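# Topology and contacts: notes
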Amino acid sequence: MAEKFEVGIDELFVVNVARTIEDRTTVFHGVSSPIPMVAMYLSKLTHAKDMVYFGGVSSAVDPNPPFLPYTTNDWVMIQGRTAMVTVDKIFDLAQKGELDRSFFSGAQIDMYGNQNVSMIGSPDKCKIKFPGGAGGCNLSADCVNYTIWTTRHRVQRRGDKKSYTFVKKCDFVTNIGHVTPYGPRSELDLVGNGPDWVVTELGVFDFDPETKVMRLRYLYPDVTVDDIMDSTEFQPAIHPEVRVMDMPTREEVELIRRIDPLKVRQLEYPPQELARKFEL
Amino acid sequence: MGIFVDRDKLMTLAEAAKIVKDGDKVAVGGGLCMREPIAMVNELIRQGRRNLHLIGTAHGFDVDLACGGDIVGAVEETHVSFEQDFGLAPNYRRACESGKVKIRENCCNTIINQLRAAEYGMPFVPMKSIKGSDEIKLHPEFKHFVDPFTGKKVVLVPALEPDVALIHVQKADRHGNVKVDPPYVADVLFMRAAKKVIVTAEEIVSEEEMIRIGPTIPYYEMTAIVHVPYGAHPTSCYPYYAYDREYISEYFKAAQQGPEAFRSNYLDKYVFGVASQEEYMEKVGGKAKRERLASWKEGREKWMELFTYG
């Protein structure tokens, strides 16, 4: 009998993000992006060996770092590179329509994939200041497609009060999805096509081609459709063939553990989520 | 842009900081945990500069410190945090939420294009993005426009010319030639777009040595050169030192406790309470600390350890 082999939610999540990356494409991750950083490195070593890999603010082309650091701007992230470019060159590719994918997240995300990384409240009366979108406002418009990720889909309850990441309306739209507060993408003369995947700790979503609303595509083995509905303030669409996601291979999981010995892939979770394990 | 041809631009930190005036638009170099001009920010706090308008891309310690040191009136950075390592920036958040600092959050490619317009001597740049985002609410100077050649909607963003750029580099000479090791982040753009450039450097080398290694940016862009070893601490300045996570952790705890505690537990000790950069580094941990921060060169295991201190 084969020995028991467990994969953590953090590892399965990385694989879900990696699955949104295609071979022979140009891909960039930005600041504050530990999970995309691990997913890109994993993809470069597995199914996307000819991906052009731009490693964060450090702007190294195809780095081969000895480990992955807690910050996206460190000499660790330029080791083993082919070349350095300056960060403006990556944005130039994007505005020409030649950057295929990047990764964005938000403290609030709405049904069309708009994200708030800026503030709760308004510019004149800011209640909570978030870090800001870095390149997200531009790249969410310019990238051919992008992946949204968050490890905080699960609704937070404080007494009777529910706090959602997936909200009906964002207080402020930093990064744009499919239908913006200023109209749908089709009316804005934009370069890119918007988000095509949303990876959360509860499920994987695409977008309904007609309505442009987030659509549940894959579930984690320990999550139900009801769990998703309970944790989402708006009503997501459900793909007719929604199912439990494929598990990663043992090789993929072992590779993740090898390339990420500091476990930066775990930095984004509330502690209790990390207890989730799945048997291969 | 200005042109500066003095043969000897070397001056003290205190003299160079006086070039920065209250209310100036200040481009702060480096980014996140790397090569930020922290010694210069400390000096500006000591001198009581006020109402600075900070410009930059993805930053962290520098902007948070400047907000905590009360020298900031507006922040036009694209991102300010300690990433997922420590999280949201406490002093920056407080300054924005209390209304003390005006939120002028910008976006990386927008600010790059605005700096390039200044560098190229052009009045504005048309952009295809920004449309659809609320970022435009923070920038009434951006204008919607229809491209007369294609009929497509664009946004015009004006040239952004910082009054002064503060950049910390590896090497400089007295004439002002500067050698920066990549990643540059936005530093080369800042140096070319700003009216004045103040450079702090780990090492001052002879002009002959600088010509041998080749300057990244030639002397005529630089206004002042200051010799400040560990001038980026606690952010990294490789190959000399990695970032000081232990110190940042202490800073972060002090910043979280509120403005008064931050002043007494941090600013009084490390900013107001030191007379020189040497004294600062002694307080930070002296020789043992300097050796530890240089130990990244000893291989993967040692380098990894530097990410787990603190």
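Residues numbered from 1 in each chain as written. Chains lettered and ligands numbered in written order. Predicted model: local features only at pLDDT ≥ 70, side-chain atom pairs only at ≥ 80, totals over all residues.

Within chain B, the regular secondary structure consists of 13 helices and 12 strands. The C-alpha radius of gyration computed for chain B amounts to 19 Å, which stays within 12% of the reference 19 Å derived for 310 residues, consistent with globular compactness. Expressed along its principal axes, the backbone C-alpha trace of chain B runs to roughly 65 × 50 × 40 Å. Relative to its full complement of 310 residues, chain B shows a buried share of 55%. Within chain B, contacts between residues at least 6 apart in sequence are counted, and of these 74% link residues at least 24 apart. (Helix = DSSP H or I, 4+ residues; strand = E, 2+ residues; numbered from the N terminus. Rg over C-alpha atoms; globule rule 2.2 N^0.38 Å. Buried ≥ 20, exposed ≤ 12 C-beta atoms within 10 Å, placed from the backbone. Contact = placed C-beta atoms within 7 Å.)

With that settled, consider the overall build of chain A. Tallying secondary structure elements over chain A gives six helices and 20 strands in all. The 280 residues of chain A split such that 55% are buried. Across chain A, the fraction of contacts at a sequence separation of at least 24, relative to all contacts at a separation of at least 6, is 66%.

Here the focus is the interface of chain B and chain A. Taken together, the contact between chain B and chain A spans 50 residues of the former and 53 residues of the latter. Taken together, the elements giving at least two residues each to the side of chain B that touches chain A come down to β2 (52–59), β3 (72–82), α4 (83–86), α5 (90–97), α6 (108–120), α7 (187–193) and α13 (300–305) of chain B. Take the side of chain B that touches chain A: its biggest share by element is five residues, from β3(B).

What follows deals with the confidence of the model for chain B. In the predicted model, chain B carries a mean pLDDT of 97, and 100% of its residues have values of at least 70. ipTM for the predicted complex: 0.96, alongside a pTM of 0.97. (pLDDT = per-residue confidence, 0-100.)

Before going further, it helps to spend a moment on the sheet that holds strand β7 (residues 143–146) of chain B. Residue and element names in this part refer to chain B. Pairing is antiparallel in the open sheet, where three strands are placed in the order β6-β8-β7. If you trace the sheet from one side to the other, it starts and ends with β6 (124–127) and β7, each paired once. Strand-to-strand, the axes of this sheet are offset by a mean angle of 35 degrees, without reference to chain direction. As paired elements, β6 and strand β8 (residues 153–158) share four bridges and run antiparallel to each other. The residue of β8 that forms the bridge with F124 is P158. Set on the sheet, α6 makes contact with β6 and β8; between it and β6 the angle comes to about 145 degrees. (Pairing = 2+ DSSP bridges. Axes fitted to C-alpha atoms, helices over the stretch in contact; angles between N-to-C directions.)

Next up on the list: unusual backbone geometry. Residues and elements named next belong to chain B. Here P182 and P183 are connected by a cis peptide whose omega angle stands at 0 degrees. Mapped onto the fold, P183 is located in the loop between β10 (178–179) and α7. Residue P239 is reached from Y238 by a cis peptide bond, and omega for that bond is 5 degrees. Among the structural elements, P239 can be located in the loop between β12 (224–227) and α9 (245–256).

Further remarks concern the environment of B:P182. As for its placement among the helices and strands, B:P182 is situated in the loop between β10 and α7. For the pair formed by B:P182 and B:E305, sequence separation is 123 residues and the distance between their alpha carbons is 23 Å.

A separate point is the nonpolar core. In this structure, A:V14, A:V38, B:F190 and B:V199 are the most contacted members of the largest nonpolar core, which totals 176 residues. Of the domains in this structure, domain 1 (13–106 + 161–305) and domain 2 (124–158) of chain B are the two that each give at least three residues to this core. Ignoring any residue separated from it by four or fewer positions in sequence, one finds A:V38 in contact with A:V14, A:L68, A:I256, A:I259, A:D260, A:V264 and A:R265. (Core = buried A, V, L, I, M, F, W, Y, C linked by C-beta atoms within 7 Å. Domains from an automatic or database assignment.)

On to the domain arrangement of chain B, then. Examined at the domain level, chain B breaks down into domain 1 (13–106 + 161–305) and domain 2 (124–158). Centre-to-centre, using C-alpha coordinates, domain 1 of chain B lies 32 Å away from domain 2 of chain B.

Further remarks concern the pairing of strand β17 (residues 203–207) of chain A. Residues and elements named next belong to chain A. Of all five residues making up β17, four are buried, and the element is well covered by its neighbours. Sheet topology places strand β16 (residues 195–200) next to β17; two bridges connect them, and they run antiparallel. Note that in β17 the partner of V199 across the bridge is V204. Here β16 folds back onto β17, and the loop between the two strands holds two residues. Pairing of β17 with strand β18 (residues 214–219), which is carried by five bridges, proceeds in the antiparallel orientation. Each bridged residue has a counterpart across the sheet, and for G203 the counterpart in β18 is L219. A loop of six residues connects β17 with β18, the two strands running antiparallel in sequence, and K212 in this loop sits at a positive phi of about 65 degrees.

This next bit is on helix α10 (residues 259–271) of chain B. Residue and element names in this part refer to chain B. For α10, which comprises 13 residues, the first-to-last C-alpha distance of 15 Å sits more than 12% below the rise-based estimate of 18 Å (1.5 Å per residue). F262, Y266, L267 and V271 are the residues of α10 that are buried. Elements that come into contact with the buried residues of α10 comprise α2 (38–46), α3 (61–68), α5 and α9. (Expected span 1.5 Å × (residues − 1).)

Right, let's talk about the pairing of β8(B) for a bit. All names here are of chain B. Relative to β8, β7 runs antiparallel, the two being bridged by four bridges. Paired with V146 across the bridge in β8 is K153. Hairpin geometry of β7 and β8 is characterised by an intervening segment of six residues between the two adjacent antiparallel strands and by a positive phi of about 80 degrees at G151.

Moving on to the packing of α3(B) against α5(B). All names here are of chain B. The N-to-C vectors of α3 and α5 enclose an angle of 55 degrees; their axes lie 7 Å apart at closest approach. Here α5 runs oblique to α3, going by the angle between their axes. The handedness of the crossing between α3 and α5 comes out as left-handed. Where α3 abuts α5, its residues V63, D64, C67 and G68 lie against P90, N91, Y92 and A95. Broken down by class, the residue content of the contact of α3 with α5 amounts to five nonpolar, two polar and one charged. (Parallel < 35°, antiparallel > 145°, perpendicular 65-115°, else oblique. Left-handed = near helix turned anticlockwise from the far one by under 90°. Nonpolar A, V, L, I, M, F, W, Y, C, P; charged D, E, K, R; others polar.)

Turning to the environment of B:E77, a few remarks are in order. Here B:E77 lies in strand β3. On a C-alpha basis, the gap between B:E77 and B:K100 in space is 16 Å, while along the polypeptide they are 23 residues apart.

Attention now moves to the packing of helix α3 (residues 87–95) of chain A against α6(B). In the contact formed by α3(A) and α6(B), the axes pass within 10 Å of each other and the chain directions differ by 105 degrees. The angle between α3(A) and α6(B) falls in the class roughly perpendicular. When α3(A) is examined against α6(B), the residues A:D88, A:F91 and A:Q95 are found in contact with a partner set consisting of B:C108, B:N109 and B:I112. Of the residues in the contact of α3(A) with α6(B), the class split is three nonpolar, two polar and one charged.

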